[in-house]
Amino acid sequence: MTTTTAVHDGVTVLTVTGEVDLATAPALDAAIETILADKPATLVIDLTAVGFLASAGMATLVAAHQRAGDTTAIAVVADGPATSRQLKMTSLDQVFAMHTTLGTALASFKS
């Protein structure tokens, strides 16, 4: 699993590639923690290049949401059976603003 961070129109985007499982979830957690330490207003976690999302990865997303609190709005980009299906089956789509593309996620934060 790899992560990259970029800023698009003032929105911090964390792009995740590969598999998020018990072995790689701590690296994802560390990447999110680094971003949240800067207290961005918004964070989009793009999972469209993730081929497998285990429960450890979902727990990492929940922990990030809890750490962000009211300081940082978090949205998740997930599309397909490897990511969005699990998030919907566990009702995490009710916790995060979910989008099927990065473009729609970025557009949701425009004033």
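Residues numbered from 1 in each chain as written. Predicted model: local features only at pLDDT ≥ 70, side-chain atom pairs only at ≥ 80, totals over all residues. Heavy atoms only, no water.

- With an unreviewed UniProt entry as reference, the protein is termed Anti-sigma factor antagonist, source organism Nocardia mangyaensis.
- If you open the UniProt record of the protein and go to Sequence similarities (unreviewed entry), you find "Belongs to the anti-sigma-factor antagonist family." (UniProt positions renumbered as here; feature names shortened; annotations may be inferred.)

Side note on helix 2 (residues 55-68)
- Taking 1.5 Å per residue as the helical rise, helix 2 with its 14 residues ought to reach 20 Å, and the 20 Å between its terminal C-alpha atoms agrees with that figure.
- Within helix 2 the residues assigned to the buried category are Ala56, Gly57, Met58, Thr60, Leu61, Ala64 and Ala68.
- Buried residues along helix 2 sit in contact with strand 2 (11-20), helix 1 (25-37), strand 3 (42-53), strand 4 (73-77) and helix 3 (84-89).
- Directly after helix 2, the chain includes Gly69, whose backbone phi takes a positive value near 55°. (Helix = DSSP H or I, 4+ residues; strand = E, 2+ residues; numbered from the N terminus. Expected span 1.5 Å × (residues − 1). Buried < 20%, exposed > 50% of the residue type's maximum accessible area, 1.4 Å probe, protein only. Contact = heavy atoms within 4.5 Å.)

With respect to the sheet that holds strand 5 (residues 97-99)
- Pairing within the open sheet is mixed, and its five strands lie in the order 1-2-3-4-5. Each edge of the sheet is formed by a strand with only one pairing partner; in this case those strands are strand 1 (2-8) and strand 5. Strand after strand, the sheet turns through a mean of 25° between neighbouring axes, direction not considered.
- When strand 2 meets strand 3, the two strands line up parallel, connected through eight bridges. Counterpart to Thr15 in the pairing with strand 3 is Asp46.
- Along the sheet face, helix 1 touches strand 1, strand 2 and strand 3 and points at about 175° away from the line of strand 2.
- Along the sheet, helix 2 makes contact with strand 2, strand 3 and strand 4, crossing strand 3 at roughly 175°. (Pairing = 2+ DSSP bridges. Axes fitted to C-alpha atoms, helices over the stretch in contact; angles between N-to-C directions.)

A short note on the packing of helix 1 against helix 2
- Orientation of helix 1 relative to helix 2, taken along the N-to-C sense of each, is 15°, at an axis distance of 9 Å. The pairing of helix 1 with helix 2 is recorded here as roughly parallel in orientation. In this structure, helix 1 crosses over helix 2, and the sense of that crossing is right-handed. Residues Ala25, Leu28, Asp29, Ile32, Glu33 and Leu36 of helix 1 lie in contact with helix 2, whose contacting residues are Ala56, Gly57, Thr60, Ala64, Arg67 and Ala68.
- Grouping the constituent residues of the contact of helix 1 with helix 2 by class yields seven nonpolar, two polar and three charged. (Parallel < 35°, antiparallel > 145°, perpendicular 65-115°, else oblique. Left-handed = near helix turned anticlockwise from the far one by under 90°. Nonpolar A, V, L, I, M, F, W, Y, C, P; charged D, E, K, R; others polar.)

Side note on the side chain of His99
- As for its position among the elements, His99 is in strand 5.
- For His99, the residues in contact, after removing those within four places along its chain, are Ala75, Val76, Val77, Ala78, Thr104, Ala105 and Ser108.

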